[in-house]
Amino acid sequence: MDKQLLLGAEAVALAAIDAGISGIYAYPGTPSTEITEFIQKSEEAQKLNIRSNWSANEKTAYESALGMSYAGKRSMVCMKHVGLNVAADAFINSAVTGVNGGLVLVVADDPSMHSSQNEQDSRFYGKFAFVPVLEPSNQQEAYDAVLYSFELSEKVKLPVLLRIVTRLSHSRSVVERKLKRTQNALQPENEKRKWILLPANARRQYVNLLNIQKDLAELSEQSIFNKVINGTGNKGIIAFGLSFNYVMEAREKYQLDIPVLKISQYPLPEKAVKEFLSKYSEILIVEEGYPIYEEILKGFPQNEKIKGRLDGTLPRTGELNPDYLAKALGVKTSPEKKIPEIVSPRPPELCKGCSHRDLYEALNIVMKEYNSNHVFSDIGCYTLGALPPYETISTCVDMGASVTMAKGASDAGIHPAVAVIGDSTFTHSGITGLLDAVNDKSSVTIIISDNSTTAMTGGQDSAGIDKLQNICKGIGVEEDHIRTIIPLKNNLAENIKIIKDEFEYKGVSVIIASRDCIQTARRNKKKQDKQ
Amino acid sequence: MNKNIILAGVGGQGILTIAAIIDLAAMNLGLKVKQAEVHGMSQRGGAVESHLRISDKEIFSDLIPKGEADLILSVEPMESLRYIPFLSKKGIIVTSVDPFINITPYPDLQNVLNEIKKNPENILVDAEKPAREAGSVKASNIVMLGAASPFTGIEKEELEKAIEKLFLPKGNETVQINLRAFNAGLNITKQLRK
């Protein structure tokens, strides 16, 4: 079948179409966004009527995917690693209920935090929930692993977690399509005792889940994604997922005949690992992410023959690369050239003409008058307000935290208690926090910097377009204190006055600072010009 | 056949378009390709890079090891220097001399160019003028691709085919502009290397 040049993320999406999904659910998040975008743009997916609109957040996405699975059809749900924190309640309990139609959760981790606030490893979640985890090492394997994961999910009646990382998701290679399955017919689940997690049912389901673990491990033993590369000598390498590439790069380049056990399917194939461990006097464990299996295999008291991230053979944090592997394998490389001193850092910045710029300009003037520098902020382009020339914001923790942290800070006595949150982040996780503030009559000013898109991830549809005013009104913010401003230079004086007025109001006020994202506006103009 | 290429620039300058053209040409030749790119936060005016690897044998790592790049193709002068640790001893820098100034202070341009010239193999290109002459200043990235094309290991004709295919959805005029830009870049290198 045909060959295409695809990002790892796109290979996952193509395979999902070929595996016969009926729907994909997701909230945008780097490096996972391109999976859903590929399906949204695919004419083939449209013809097949595959549902693909963005969800409000990862939890709603996961639950919708689970509902589709309940109905007997196959579904995929995608998110970045920290998104799984939001969806964790649904995910972990769905391992207890099990699934009906195949359900594959794709999580894109971001080691080195290229676009994230931490580098948590989703394989932990897979283990925590007792579900099978697939961790492909390259684009073709990502395609193959998705097809396999859907089969596996329907065979063992569990959700399957497919873990990818930035370096696979955002790297392009040639991928070959293999098969095309038709979608499942509507065939809803009738086994209520499985799906109603009342304690009596949940206890039984949980025991079933634990009992199936040995079968899952057996599947890992036989998996085509796990294999041994034979070699000689008394040292061996166990390479997990993408890290296999760096191992093989060093192995080929320096002609090291070192044996390698590659693992891309979990739970751990215990027999294969035991056999490999017993053969060699020193084992290097290479994992892209946390040293999860290194810690397990090292055990207590510590097995000294296990080397890896924990003993400094490899760096403890960040993504790996072929150079780290060469060093860990004791290869002498020529001294590397340094970056010339003349090179300055070039951090990202808010675009010229961006509405957040005008908002921060106004806000900085007002904050100066209060001699306060506490602005609680959130996750999005406006987080760049942390950098010069604005340096307006004080916090960025997790989606929606600006609203509730401002509320808590207000409770503690900070005045003004200000939150800056984007429109998409507000509908993702800010609404419930605002309800808390309303119910508590907190003295907070929530500024929704509304550019009517999910801008940081490339301009995906935002869930709250034209609804923000009514959402705030509906949960009880007084109408007089829901203000709208247009962040433009010409409106600076007026905007300063409105911000000041609302800071002085002893209750919940919301300022919607509304102007289209400059990037989206440009794209829309291009589209219009074409028509 | 084995080429490691670092593409460098600032978010929004079009290095991913350069990458897409080389990728496509390589795939059409039946070669293996791996090309890691940067999405997300850095695309907002930050430094961006792409590691592009082409080979007739299996490629494992998506990232180029240090000291292994045959070519640094940069659409911005200072950015070409950021990836010096990746350049091999015999590697060449092909870079635009037009600075993208969104940081203060931006280093003295002449010093930047002098630093680039310390690398034995270098080609400095004023890409803006030929791009404008080709029909659009936006085609500066394709001028740079043309200038670097003799060092990609891929024939001119194959790259031209890929340019046609990639820009065709944007209309024939865009195709012609980019083909002209490509050849203008290539001619600059030919003149310098006579």
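Residues numbered from 1 in each chain as written. Chains lettered and ligands numbered in written order. Predicted model: local features only at pLDDT ≥ 70, side-chain atom pairs only at ≥ 80, totals over all residues. Heavy atoms only, no water.

**Some words on the overall build of chain B**
Next up, step 1: Counting its regular elements, chain B contains seven helices and six strands.
Next up, step 2: Each helix (α) and strand (β) of chain B, taken in turn from the N terminus, gives the series β-α-β-β-β-α-β-α-β-α-α-α-α.
Next up, step 3: A globule of 194 residues ought to have a C-alpha radius of gyration of about 16 Å, and chain B, at 16 Å, matches this closely.
Next up, step 4: In terms of overall dimensions, chain B has a C-alpha envelope of 40 × 40 × 40 Å along the principal axes.
Next up, step 5: Once the 23 positive and 23 negative side-chain charges of chain B are each reduced to a mean point, those two points are 2 Å apart. (Helix = DSSP H or I, 4+ residues; strand = E, 2+ residues; numbered from the N terminus. Rg over C-alpha atoms; globule rule 2.2 N^0.38 Å. Lys, Arg positive; Asp, Glu negative; His and termini not counted. Charge placed at Lys NZ, Arg CZ, Asp CG, Glu CD.)

**Let's talk about the layout of surface pockets**
Next up, step 1: As a volume, the second largest pocket reaches approximately 1100 Å³.
Next up, step 2: A:Asn321, A:Asp323, B:His51, B:Lys66 and B:Phe86 are the residues nearest the centre of the second largest pocket, which is lined by 48 residues in total.
Next up, step 3: Counting residues per element, the ones that place at least two in the lining of the second largest pocket are helix 8 (166–169) and helix 15 (322–328) of chain A together with strand 3 (47–55) and strand 5 (87–96) of chain B.
Next up, step 4: Among the elements that make up the lining of the second largest pocket, the one with the highest residue count is strand 3 of chain B (five residues).
Next up, step 5: Of the residues belonging to the lining of the second largest pocket, the class tally is 20 nonpolar, 14 polar and 14 charged.
Next up, step 6: Lining the lining of the second largest pocket are residues from two domains, each supplying at least three of them: domain 1 (3–211) and domain 2 (227–328) of chain A. (1 Å grid on protein atoms, 1.4 Å probe; cavity = no way out; pocket = protein on both sides within 12 Å on 5 of 7 lines; lining within 4 Å. Points joined across faces, edges and corners; volume = space filled by probe spheres on them. Nonpolar A, V, L, I, M, F, W, Y, C, P; charged D, E, K, R; others polar. Domains from an automatic or database assignment.)

**A few points about the pairing of strand 4 (residues 69–74) of chain B**
Every other side chain in a regular strand lies on the same face of the sheet, so the side chains alternate between the two faces.
Residue and element names in this part refer to chain B.
Next up, step 1: Judged by how many residues are buried, strand 4 sits mostly within the fold: five of six residues are covered.
Next up, step 2: Of the strand pairs in this sheet, strand 1 (residues 2–10) and strand 4 are connected by four bridges, and their pairing is parallel. Bridge pairing in strand 4 links alanine 8 to serine 74.
Next up, step 3: Read from strand 4 through helix 2 (residues 77–82) to strand 5, the crossover connection turns out right-handed. (Buried < 20%, exposed > 50% of the residue type's maximum accessible area, 1.4 Å probe, protein only. Pairing = 2+ DSSP bridges. Right-handed = clockwise from strand over helix to strand, strands pointing away.)

**Considerations on the domain arrangement of chain A**
Residue and element names in this part refer to chain A.
Next up, step 1: Split into domains, chain A comes out as domain 1 (3–211), domain 2 (227–328) and domain 3 (355–521).
Next up, step 2: Taking only C-alpha atoms, the centre of domain 1 and the centre of domain 2 are 27 Å apart.
Next up, step 3: Taken together, the contact pairs 22 residues of domain 1 with 22 residues of domain 2.
Next up, step 4: Of the roughly 1900 Å² buried where domain 1 meets domain 2, counting both sides, 51% is carbon and sulfur surface. (Contact = heavy atoms within 4.5 Å. Buried area = accessible area lost by both parts, 1.4 Å probe.)

**Structural notes on the environment of A:Asp436**
All names here are of chain A.
Next up, step 1: Looking at where aspartate 436 falls in the secondary structure, it is placed in helix 18 (residues 423–439).
Next up, step 2: Among the residues examined, aspartate 436 registers a relative accessible area of 42% and is labelled partly exposed.
Next up, step 3: Sequence spacing of aspartate 436 and valine 165 is 271 residues, and the spatial spacing of their C-alpha atoms is 36 Å.
Next up, step 4: Once you skip the residues sitting within four places of it in the chain, aspartate 436 turns out to touch Thr404 and Lys407.

**Observations regarding the pattern of salt bridges**
Next up, step 1: Taken as a whole and judged by the stated rule, the model has 48 salt bridges over all chains.
Next up, step 2: As a salt-bridge pair, A:Asp18 and A:Arg177 come within 2.5 Å of each other at their nearest N and O atoms. Residue A:Asp18 is located in helix 1 (residues 8–18), and its partner A:Arg177 is located in the loop between strand 7 (171–176) and helix 9 (192–195); the two are separated by 159 residues in the primary sequence. There is no split in this pair, since A:Asp18 and A:Arg177 are both buried.
Next up, step 3: Between B:Arg53 and A:Glu249 there is a salt bridge, with the nearest N and O atoms lying 2.8 Å from each other. Of the two residues, B:Arg53 sits in strand 3 while A:Glu249 sits in helix 12 (residues 243–253), which places them in two different chains.
Next up, step 4: Residue A:Glu249 is classed as buried on the basis of its relative accessible area, which comes to 11%.
Next up, step 5: Put simply, A:Asp109, A:Asp121, A:Arg123, A:Glu135, A:Arg163 and A:Glu287 are held in one network by salt bridges that share partners. (Salt bridge = Lys/Arg side-chain N within 4 Å of Asp/Glu carboxyl O.)

**Examining helix 6 (residues 156–167) of chain B**
Next up, step 1: In this model helix 6 of chain B runs 16 Å from its N-terminal to its C-terminal C-alpha over twelve residues, within 8% of the 16 Å that 1.5 Å per residue would give.
Next up, step 2: Of the positions making up helix 6 of chain B, those classed as buried are B:Glu158, B:Leu159, B:Glu160, B:Ala162, B:Ile163 and B:Phe167. (Expected span 1.5 Å × (residues − 1).)

**Some points on the packing of aromatic side chains**
All names here are of chain A.
Next up, step 1: Scanning the entire structure with this criterion turns up 13 aromatic pairs over all chains.
Next up, step 2: Pairing tyrosine 370 with phenylalanine 503 gives two aromatic rings, centres 5.6 Å apart and planes at 70°, and the pair type is edge-to-face. Placement of the pair is tyrosine 370 in helix 16 (residues 355–370) and phenylalanine 503 in helix 20 (residues 492–504), with a sequence separation of 133 residues.
Next up, step 3: In this structure phenylalanine 503 comes out as buried when scored by relative accessible area, which is 1%. (Phe/Tyr/Trp six-rings, centres within 6.5 Å; stacked < 30°, edge-to-face > 60°.)

**Here we look at the nonpolar core**
All names here are of chain A.
Next up, step 1: Counting residues in hydrophobic clusters, the biggest one holds 105 residues, and the most contacted among them are Ile35, Ile39, Met76 and Ile238.
Next up, step 2: Domain assignment of the residues forming this core places at least three in each of domain 1 (3–211) and domain 2 (227–328).
Next up, step 3: In this structure, isoleucine 35 is in contact with Ala9, Val12, Ala13, Ile24, Met76, Cys78, Val106 and Ile164, ignoring residues within four places of it in sequence.
Next up, step 4: Listed in part, the 51 residues of the second largest apolar core include Cys354, Val418, Val420 and Phe426. (Core = buried A, V, L, I, M, F, W, Y, C linked by side-chain atoms within 4.5 Å.)

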